[in-house]
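# Chain and residue survey
Residues per chain, in single letters:
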Amino acid sequence: MTTIGILGAGQAGSTLARVSIAAGYDVVIANSRGPETLMGLIGELGHRARAATAADAAAAADFAVTAFPYSPSDHLPVDELAGKVVIDNNNYMVWRDGHFPEVDADLKTIHELRQEQLPTSKVVKAFTHIQFHERFQIRFPSDTLPAVIRLARPAGAPDRKALVVSSDHPEAVELVTRYYDDLGFDAVDNSPLAESWRSAPGTPMWRHHVDGQSREELIRNLQRAERPLG
Ligand SMILES: NC(=O)c1ccc[n+]([C@@H]2O[C@H](COP(=O)([O-])OP(=O)(O)OC[C@H]3O[C@@H](n4cnc5c(N)ncnc54)[C@H](OP(=O)(O)O)[C@@H]3O)[C@@H](O)[C@H]2O)c1
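Residues numbered from 1 in each chain as written. Predicted model: local features only at pLDDT ≥ 70, side-chain atom pairs only at ≥ 80, totals over all residues.

Per an unreviewed UniProt entry, the chain goes by NADP oxidoreductase and derives from Microbacterium caowuchunii.

### Some thoughts on the UniProt feature "domain: Pyrroline-5-carboxylate reductase catalytic N-terminal" (unreviewed entry) in the chain
Here is the rule: UniProt positions are given in the numbering used here, feature names are shortened, and annotations may be inferred rather than shown by experiment. Only DSSP runs of H or I covering at least 4 residues are called helices, and only runs of E covering at least 2 are called strands; the numbering of each starts at the N terminus.
Per the UniProt record, "domain: Pyrroline-5-carboxylate reductase catalytic N-terminal" (unreviewed entry) is annotated on residues 3–91. Taken end to end, residues 3–91 is 29% helix and 24% strand, and its first and last C-alpha atoms sit 24 Å apart.

### Overview of the site of the ligand
Quick note on the threshold: Think of it this way: take the backbone, place a C-beta atom on it, and check whether that atom is within 6 Å of the molecule or strand, in which case the residue is near it. Gly is placed with the polar residues, together with every amino acid not listed as nonpolar (Ala, Val, Leu, Ile, Met, Phe, Trp, Tyr, Cys and Pro) or charged (Asp, Glu, Lys and Arg).
Around the ligand sit 23 residues, and of these Gly-8, Gly-10, Asn-31, Phe-68 and Asn-90 come closest. Take the shell around the ligand: its biggest share by element is three residues, from helix α1 (residues 11–22). Of the residues belonging to the shell around the ligand, the class tally is nine nonpolar, 12 polar and two charged.

### Notes on the environment of Ser-71
For clarity, the cut-off: Residues with at least 20 neighbouring C-beta atoms inside 10 Å of their own are called buried, those with 12 or fewer are called exposed, and the rest are partly exposed, where every C-beta is derived from the backbone.
Following the sequence through the fold, Ser-71 ends up in the loop between β4 (63–66) and β5 (85–88). The partly exposed category is assigned to Ser-71, around which 13 C-beta atoms lie within 10 Å. Counting along the chain gives 29 residues from Ser-71 to Phe-100, while the straight-line C-alpha distance between them is 9.1 Å.

### A word on the sheet that holds β5
Defined as follows: At least two bridges found by DSSP between two strands is the condition for calling them paired. Comment: axis = line fitted to C-alpha atoms, over the contacting stretch for helices; angle = value between 0 and 180 degrees taken between N-to-C directions. Whether two residues are in contact depends on their C-beta atoms, placed from the backbone: they are in contact if these lie within 7 Å.
Pairing within the open sheet is mixed, and its eight strands lie in the order β3-β2-β1-β4-β5-β6-β7-β8. Because the sheet does not close on itself, it has two edges, and the strands there are β3 (49–51) and β8 (186–189). On average, each strand axis in the sheet is inclined to that of its neighbour by 25°, with strand direction left out of account. Pairing geometry for β4 and β5, over three bridges, is parallel. The residue of β5 that forms the bridge with Ala-64 is Val-86. This element, helix α9 (residues 215–224), spans β7 (162–167) and β8 of the sheet and lies at about 25° to β8.

The structure is reproduced here in structure tokens:
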């Protein structure tokens, strides 16, 4: 059984836990305040989930997810995550996070900064452009479901959507490709992390939150991305 350590239990972390458990994974989930604050969520997720500190979740993980915004002052369980694939699903949002000069100057991507924080881990950007939160109904009642649930399809379905993955570590891309497949999505490899600006907020591929995009559409939209981001 594969155990995912999910660091971050907000909209993204809790929904990712839910869909991962449905796909057969075990989950150890953490927030910044402590496991005792996650008992309600664990009750909803069931027996395949448990709450832990971030360090314990990282130690228990076969692979991990950092489901919270990047900050230069982050205290991460570097030793517990050493050698492991760490999925970073963060989007750089200036209105939320403030400015990071290296990213603004196109010298580094926000995910390269996360890789620097976890130098012994295999950081991989994934799940950044799929919504984990419910939203208002636009057309049908199912519109309200988080896109990661609403858009999931079995392998080979004609309307299956694709998600992007970027890493400096090929084994991390392979792991995320299998994980995406388990959750109902194809993968498009946009490695290395230095190229991951192509899927940042504001890029052509970014504007497909509602209906998603096929592999071919996603590849085309990644190629159409231009710096500076508009
Ligand atoms: N929401 C989406 O649909 C969506 C989609 C794609 C990508 N993302 C990305 O996913 C990330 C999380 O977004 P969100 O909407 O889930 O935010 P959120 O609802 O504010 O949740 C953030 C979570 O991270 C926890 N946290 C913060 N620092 C932590 C640390 N050092 N160790 C462990 N846990 C920590 C928080 O714990 P406390 O509450 O205890 O502080 C909280 O549980 C963001 O980077 C966002 O850009 C979100």
